[in-house]
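Residue-level structural notes
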Amino acid sequence: MKISIIGGTGEQGFALALRLLIKGFHVIIGSRSEEKALMTVEEIKKILGERLKGKVEGKNNIEAAKEGDVVVLSIPYEYTIPTIKALKDELKGKIVISMGVPLATAIGDKPTRLLYPPDGSVAEMVQNILKESKVVGALQNVSNKVLRDIEKEVDCDILITGDDEEAKRVVKEILEKIDGVRVIDCGDLEKSRIVESITALLIALNIKYKAETGIRITNLKI
Ligand SMILES: NC(=O)c1ccc[n+]([C@@H]2O[C@H](COP(=O)([O-])OP(=O)(O)OC[C@H]3O[C@@H](n4cnc5c(N)ncnc54)[C@H](OP(=O)(O)O)[C@@H]3O)[C@@H](O)[C@H]2O)c1
């Protein structure tokens, strides 16, 4: 299975790629620039060395979207609409993971404040544009610094949302491979409104306590 990361050159996509590659997945780093994607691939190879168990490639976003079986969107909220509109045909029928959070940084305000997307959440916005894709919300509450620190387990639950049960099953199977993670299916895509908003609180805690917080749901046996 090929997992493409659109914007995989950025903080969150890069860190996720490391975690997937040490577990043997085939990852395609997508970028607006193929050259930048290839440079990122070299950086990943250098960091992982012998821990690289999967295959990693770099491509422009269109090729990455075309080739991926599962496609992760790892681009800031404010650039999401034009980016996915340009990839609509390539993403038809595919599982698309939305990690986006509508932080007010998109309008130059604080990362501890949220904007309110007209569709309710970033994930719903993506689904409303990519009508023929199966959108799953995931990873919004996991900090790139935690993902990036591959020496440590990721001490977080990953809350997933989506309207397609099979797509959520596939995403759960992938993300559960990350050491330390428990994946919790939180229900339909509309729940992304709640999940995405938690991130602004976690960022506020990170600033207040100089920490890298995540979320764990307690007393839930699954
Ligand atoms: N950072 C975190 O800790 C974190 C945690 C949870 C969720 N998230 C979510 O993950 C997503 C990515 O976050 P990030 O921190 O990785 O973002 P980022 O590093 O600021 O940007 C990611 C990538 O977006 C692409 N990009 C930049 N400007 C663009 C434009 N005008 N049009 C299209 N693509 C553009 C760039 O890729 P190219 O230049 O290679 O095209 C860039 O490497 C966001 O939706 C964020 O809310 C982040």
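Everything numeric here is computed off the predicted structure, so don't read it as measured data.

The rules we used
Residues numbered from 1 in each chain as written. Predicted model: local features only at pLDDT ≥ 70, side-chain atom pairs only at ≥ 80, totals over all residues. Heavy atoms only, no water. Buried < 20%, exposed > 50% of the residue type's maximum accessible area, 1.4 Å probe, protein only. Helix = DSSP H or I, 4+ residues; strand = E, 2+ residues; numbered from the N terminus. Pairing = 2+ DSSP bridges. Right-handed = clockwise from strand over helix to strand, strands pointing away. Expected span 1.5 Å × (residues − 1). Arc of directions from axis to C-beta. Contact = heavy atoms within 4.5 Å. UniProt positions renumbered as here; feature names shortened; annotations may be inferred. Axes fitted to C-alpha atoms, helices over the stretch in contact; angles between N-to-C directions. Salt bridge = Lys/Arg side-chain N within 4 Å of Asp/Glu carboxyl O. Near = heavy atom within 4 Å. Polar contact = N/O pair within 3.5 Å; in protein donor to acceptor, adjacent residues only side chain to side chain. Areas by Shrake-Rupley, 256 points an atom, 1.4 Å probe, with all protein chains shown as cover. Nonpolar A, V, L, I, M, F, W, Y, C, P; charged D, E, K, R; others polar. Parallel < 35°, antiparallel > 145°, perpendicular 65-115°, else oblique. Left-handed = near helix turned anticlockwise from the far one by under 90°.

Side chains Ile-95 and Ile-97 project from strand E5 (residues 95-98) onto one buried face, and the interleaved Val-96 and Ser-98 project onto a second face that is buried too. With 4 bridges connecting them, strand E4 (residues 70-73) and E5 associate as parallel partners. Among the inter-strand pairings, Val-70 is bridged to a residue of E5, identified as Ile-95. Handedness of the crossover is the feature at issue here: the chain leaves E4, passes through helix H4 (residues 80-85), returns alongside E5, and the resulting connection is right-handed.

As a further point, take helix H2 (residues 34-48). Compared with the 21 Å implied by 1.5 Å per residue over 15 residues, the 21 Å span of H2 between its first and last C-alpha is a close match. Ala-37, Thr-40, Val-41, Ile-44 and Leu-48 are the residues of H2 that are buried. Along the axis of H2, the buried residues cluster in a sector spanning 105°; they form a single face. What points out from H2, more than 90 degrees from its buried face, is the exposed set Glu-35, Met-39 and Lys-46. Elements in contact with the buried residues of H2: helix H1 (11-21), strand E2 (26-31) and strand E3 (56-60). Of the residues trailing H2, Gly-49 is marked for its positive phi of about 50°.

Before going further, it helps to examine the UniProt feature "domain: Pyrroline-5-carboxylate reductase catalytic N-terminal" (unreviewed entry) in the protein. The positions UniProt marks with the feature "domain: Pyrroline-5-carboxylate reductase catalytic N-terminal" (unreviewed entry) are residues 2-101. The straight-line gap between the two end C-alpha atoms of residues 2-101 is 24 Å; of that span, 39% is helix and 24% is strand.

Strands sit in the order E3-E2-E1-E4-E5-E6-E7-E8 across an open sheet of 8 strands; the sheet is mixed. Edge positions in the open sheet fall to E3 and strand E8 (182-185), since each of these has one partner strand only. With strand direction ignored, the average angle separating the axes of adjacent strands in the sheet is 25°. Relative to strand E7 (residues 157-162), strand E6 (residues 134-137) runs antiparallel, the two being bridged by 2 bridges. Residue pairing for E7: Gly-137 is matched across the bridge by Thr-161. Against the sheet, helix H5 (residues 122-129) engages E4, E5 and E6, with an angle of about 175° to E6.

The topology assignment puts Ser-31 in strand E2. Excluding its chain neighbours within four sequence positions, the residues that come into contact with Ser-31 are Thr-9, Lys-36, Ala-37, Lys-59, Asn-60 and Asn-61.

Moving on to the pattern of salt bridges. Under the definition given, this model contains 19 salt bridges. Within this structure, Lys-2, Glu-57, Lys-59 and Glu-67 form a network of salt bridges that share partners.

This part covers the site of the ligand. Looking at the ligand, there are 21 residues lining it, with Thr-9, Gln-12, Ser-31, Lys-36 and Ile-75 nearest. Contacts to the ligand include Glu-11, whose backbone N or O atom sits 3.1 Å from an oxygen atom. Between the ligand and Lys-36, the relevant distance is 2.5 Å, taken from an oxygen atom to a side-chain nitrogen or oxygen of the residue. A total of 890 Å² of accessible area belongs to the ligand in isolation, and the protein chains cover 79% of it. Considering only residue class, the shell around the ligand consists of 7 nonpolar, 11 polar and 3 charged.

It is the contact of H1 with H2, at a shortest axis distance of 11 Å, that shows an interaxial angle of 50°. Regarding the angle of H1 to H2, the classification is oblique. In this structure, H1 crosses over H2, and the sense of that crossing is right-handed. Between H1 and H2, the contacting residues are Phe-14, Ala-17, Leu-18 and Leu-21 on the first element and Thr-40, Glu-43, Ile-44, Ile-47 and Leu-48 on the second. Taken together, the residues of the contact of H1 with H2 sort by class into 7 nonpolar, 1 polar and 1 charged.

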